[in-house]
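# Analysis of the macromolecular model
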Amino acid sequence: MKPPLVYDVLVLGAGAAGLMCARVAGGRGRSVGVIEQAKRPAEKIRISGGGRCNFTNLYTAPANFLSRNPHFCKSALSGFTQHDFIALVEKHRIAYHEKTRGQLFCDSSSQQIIDMLLDECGAAGVTLHAGTKISSIAKGEDGFRVMTDRGEMHGRALVVATGGPSIPKMGASGFGYNVAEQFGLGIVPPRAGLVPLTFDEALLARSKELAGVAVETVIACNGTKFDEAMLFTHRGLSGPAILQISSYWHDGDAIQIDMAPGLDVFAALKEMRRDHPRQELATGLARLLPARLAHWIAGAGGSAARMADMSDRQLQAVAVLVNRWQVTPRGTEGYRTAEVTLGGVDTAELSSKTFEAKSVPGLFFIGEVIDVTGHLGGFNFQWAWSSGFAAGQSV
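Residues numbered from 1 in each chain as written. Predicted model: local features only at pLDDT ≥ 70, side-chain atom pairs only at ≥ 80, totals over all residues. Heavy atoms only, no water.

The secondary structure content of the chain amounts to 13 helices and 23 strands. For the chain, the spread of C-alpha atoms along the three principal axes comes to 85 × 40 × 35 Å. A burial count over the chain gives 53% of its 395 residues as buried. Long-range contacts, defined as pairs at least 24 residues apart, comprise 73% of the intrachain contacts of the chain with a sequence gap of at least 6. Here the chain contributes 39 positively and 37 negatively charged side chains, and the mean placements of these two sets differ by 2 Å. (Helix = DSSP H or I, 4+ residues; strand = E, 2+ residues; numbered from the N terminus. Buried < 20%, exposed > 50% of the residue type's maximum accessible area, 1.4 Å probe, protein only. Contact = heavy atoms within 4.5 Å. Lys, Arg positive; Asp, Glu negative; His and termini not counted. Charge placed at Lys NZ, Arg CZ, Asp CG, Glu CD.)

Structure follows, in structure tokens:
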């Protein structure tokens with residue numbers, strides 16, 4: 001048998017958080033080995049942002065994150081900010097642009113961010129073991145022993161940066177939760193986040209003609225609202241507003257959708273009835289909404305075709321469908337299309353400054369595997385950079 005490979009730090013997962021941690025730890029003179037089961041590192045970075053990687057957000061703040069402990073993220077976010085990551089991007093001369101609402105994307109390709117991280121890791125002496133499967137992990141007096149299909153590896157410290165189960169076709173799994181449970185750490189039940197919502201069969205049958213229609217909205221659920229675009233799909237609803245609200249939605253909850261934000265549709269319809277009495281309802285609504293959506297709502301109202309023949313009560317019913325449409329989704333599309341995983345390793349088990357497990361010296365958890373989840377728009381990558389940096393400074 002060949003002797004084990006021995007490192008100061010073993011990082012499990014060569015994604016955003018893992019590579020950032022490895023880079024920082026290596027830069028501090030630690031010997032670092034990164035174990036990645038996939039043949040290529042950072043697959044989530046590669047596909048993100050339509051292949052251009054929404055790598056951070058100019059307006060990152062603790063309010064953009066969900067967790068049982070909303071204060072946990074504050075230390076890491078202040079220790080390595082969005083501006084610190086932007087400085088790293090600029091150091092590598094990667095051209096980028098702001099798309100909307102502070103979202104920063106590469107001008108060219110997300111591969112530039114991956115190459116930047118790998119170059120930084122290389123300069124820090126980090127060793128990457130890609131395409132390596134882990135069979136077991138054990139803790140001894142001198143650290144952690146990790147058995148892999150390429151032999152045994154030892155690390156004085158072990159950093160778990162394996163993410164959550166979202167997008168399983170890329171190899172995502174709950175492996176990190178298993179490690180946490182092996183060492184007695186609690187888990188906040190995980191679920192799909194930033195994910196499209198689905199309709200029941202009856203509503204889907206009535207709305208299938210709307211697939212592909214997009215509309216600006218304000219969407220509310222459980223005291224939270226987002227004002228972004230919504231997209232009808234052949235399964236239900238998607239688009240930025242739906243992905244955002246999905247993180248606050250639970251089974252059985254209704255969501256309220258305003259498809260004409262800032263417009264009193266009842267008042268607008270009454271004005272149309274006065275000025276254009278012979279106009280059909282669908283034609284009038286098409287002035288306010290996409291044509292297919294307008295015809296669908298006009299049909300759903302079950303009202304007379306001409307504006308002149310409609311009572312105030314009928315107009316009000318139509319306006320409610322536009323300004324305050326209540327819909328109860330059947331569910332979500334699940335981890336298959338979820339951008340992130342909500343829940344994870346309970347933050348009560350970890351130091352918010354170092355990300356070390358309070359009950360297991362030398363064991364760290366960073367990134368998506370823990371119970372901190374960002375909004376859509378670059379916030380989850382920033383959490384990866386910030387948490388990875390904090391742990392890298394401590395291992």
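So that's the structure; there's more coming.
Here we take up the environment of Trp383. Within the secondary structure, Trp383 sits in helix 13 (residues 379-392). Taking the relative accessible area as the measure of exposure, Trp383 reaches 1% and is therefore buried. Sequence spacing of Trp383 and Ile366 is 17 residues, and the spatial spacing of their C-alpha atoms is 8.8 Å. Those residues in contact with Trp383 that lie beyond four places of it in its chain are Phe65, Phe72, Cys73, Ala76, Leu77, Phe355, Gly367, Ile370, Val372 and Gly388.

Now for helix 12 (residues 312-323). For helix 12, which comprises 12 residues, the first-to-last C-alpha distance of 16 Å matches the rise-based estimate of 16 Å (1.5 Å per residue) to within 8%. Of all the residues in helix 12, the buried ones are Leu315, Val318, Ala319, Val322 and Asn323. All buried residues of helix 12 project into a common sector of 125 degrees when viewed along the axis, lining one side. (Expected span 1.5 Å × (residues − 1). Arc of directions from axis to C-beta.)

The next thing to look at is the domain arrangement of the chain. By the assigned domains, the chain splits into domain 1 (5-192 + 339-393) and domain 2 (197-332). The straight-line distance from the C-alpha centre of domain 1 to that of domain 2 is 40 Å. Taken residue by residue, the interface counts 8 residues in domain 1 and 12 residues in domain 2. Across the domain 1 to domain 2 interface the summed buried area is about 830 Å²; carbon plus sulfur atoms make up 46%. Contact with domain 2 buries area across many residues of domain 1, yet Arg101, Arg191 and Leu376 alone supply 54% of it, more than any other trio. On the surface where domain 1 and domain 2 come into contact, there are 1 salt bridge. With a shortest N-O distance of 3.4 Å, Arg101 and Asp227 are connected by a salt bridge. Among the residues making up the side of domain 1 that touches domain 2, the classes are represented as 4 nonpolar, 1 polar and 3 charged. (Domains from an automatic or database assignment. Buried area = accessible area lost by both parts, 1.4 Å probe. Salt bridge = Lys/Arg side-chain N within 4 Å of Asp/Glu carboxyl O. Nonpolar A, V, L, I, M, F, W, Y, C, P; charged D, E, K, R; others polar.)

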